[in-house]
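Listed here are the chains, written in short residue letters.
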Amino acid sequence: MVDDDGRKMLKSHSSHRSSKSTYYQLTLRIYLFQNSQKLDVKVAGGRVPNEGRVLIRFQDTGFWGLICGDGWSLLEAGVVCRQLKLGFAQDAPQTDYFGGKMSEILTTGVKCNGKEKELSECFHHDVPHNQTPFCPGNTNNFASVICTDRKKEWIERKSFPFVVEN
């Protein structure tokens with residue numbers, strides 16, 4: 001599917017809700033970052049260089065902004081750590097601990113499968129430049145990363161046989 005500007009979309013749908021006499025409309029469009037424009041990524045505000053809030057810059061805007069932490073997980077954090085050559089994701093906090101303001105959010109709903117080499121290969125919600133993004137959840141819910149040089153070991157837990165001795 002292609003939008004009015006010729007950008008490729010993953011999906012588009014509308015939903016309507018009414019609450020008493022107020023009528024709300026939500027239109028959700030999900031794009032690949034790479035189909036929108038060039039994307040720069042950096043981490044800032046941490047105590048050490050491998051942690052902090054995730055900042056992105058669409059090259060046509062020229063300024064850095066935040067990603068809403070809604071749905072942010074180790075998959076997305078892992079892509080950021082890999083892209084910045086900071087190793088592996090140890091944690092993916094959704095917080096304002098590393099700084100930032102709601103007015104600095106550029107996009108929401110970032111989703112990666114964890115195999116991408118760059119954040120530009122992931123999906124995100126389209127937020128028009130003249131609108132303030134909606135960031136659900138706690139106030140100041142910003143995507144952040146804590147990267148490490150050690151890969152987390154994912155161990156599948158199974159029931160182990162044991163012997164009870166009398």
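Here's a quick rundown of the structure.

Conventions adopted
- Residues numbered from 1 in each chain as written.
- Predicted model: local features only at pLDDT ≥ 70, side-chain atom pairs only at ≥ 80, totals over all residues.
- Heavy atoms only, no water.
- Helix = DSSP H or I, 4+ residues; strand = E, 2+ residues; numbered from the N terminus.
- Buried < 20%, exposed > 50% of the residue type's maximum accessible area, 1.4 Å probe, protein only.
- Contact = heavy atoms within 4.5 Å.
- Core = buried A, V, L, I, M, F, W, Y, C linked by side-chain atoms within 4.5 Å.
- Polar contact = N/O pair within 3.5 Å; in protein donor to acceptor, adjacent residues only side chain to side chain.
- Disulfide = S-S within 2.5 Å.
- Phe/Tyr/Trp six-rings, centres within 6.5 Å; stacked < 30°, edge-to-face > 60°.
- Lys NZ or Arg CZ within 6 Å of the ring centre and 35° of its normal.

Glancing now at the overall build of the protein. If you tally the helices and strands in the protein, you get 2 helices and 10 strands. Beginning at the N terminus, the succession of helices and strands in the protein can be written as β-β-α-β-β-β-α-β-β-β-β-β. Going through the 166 residues of the protein one by one, you find that 39% of them count as buried. Put simply, 63% of the contacts in the protein that link residues at least 6 apart link residues at least 24 apart.

The next thing to look at is the nonpolar core. In terms of nonpolar packing, the biggest core is built from 22 residues, with Ile56, Ile67, Trp72, Val80, Leu119 and Val145 touching the most fellow members. Where this core is concerned, the elements lending two or more residues are strand E3 (39–45), strand E4 (51–58), helix H2 (74–83) and strand E10 (142–148). It is H2 that contributes the most residues to this core, 4 residues altogether. Ile67 has contacts with Val54, Ile56, Trp72, Thr107, Val110, Leu119, Asn141, Phe142 and Ala143, leaving out every residue within four places of it along the chain. By size, the runner-up hydrophobic cluster in this structure holds 7 residues, among which are Ala44, Cys68, Ile105 and Cys135.

For the rest of this paragraph, the subject is the side chain of Thr95. Looking at the element boundaries, Thr95 is found in strand E7 (residues 94–95). Within the structure, the side chain of Thr95 is placed 2.9 Å from the backbone nitrogen of Tyr97, a separation counted as a polar contact. When residues no more than four places from it in sequence are discounted, the contact partners of Thr95 are Asn140, Asn141, Phe142 and Ser144.

A separate point is the environment of Pro133. With respect to the helices and strands, the residue Pro133 is situated in the loop between strand E9 (123–125) and E10. Using a relative accessible area of 13% as the deciding quantity, one classes Pro133 as buried. Linking Pro133 and Thr107, residues 26 residues apart in sequence, is a C-alpha distance of 6.6 Å. Residues contacting Pro133, with those up to four places away along its chain left out, are Ile105, Leu106, Thr108 and Val127.

A few words on the state of the cysteines. Within the structure shown, the criterion is met by 3 disulfides. Here Cys112 connects covalently by a disulfide to Cys122, the sulfurs 2.0 Å from one another. Taking the sign of the torsion about the S-S bond as the criterion, the disulfide between Cys112 and Cys122, at about 110 degrees, is right-handed. One end of the pair, Cys112, is in the loop between strand E8 (105–107) and E9; the other, Cys122, is in the loop between E8 and E9, with 10 residues separating them in the sequence. Judged by its relative accessible area of 9%, Cys112 falls in the buried class. Across the protein, the way the bonded cysteines pair up, counted in sequence order, is 1-5, 2-6, 3-4.

Counted under the stated rule, the structure contains 1 aromatic pair. Relative to Phe98, the ring of Tyr97 lies with its centre 5.1 Å away and its plane at 85 degrees, an arrangement referred to as edge-to-face. For Phe98, a relative accessible area of 6% puts it in the buried group. When the ring centre of Trp64 is taken as reference, the NZ or CZ atom of Lys42 above it lies at 4.3 Å.

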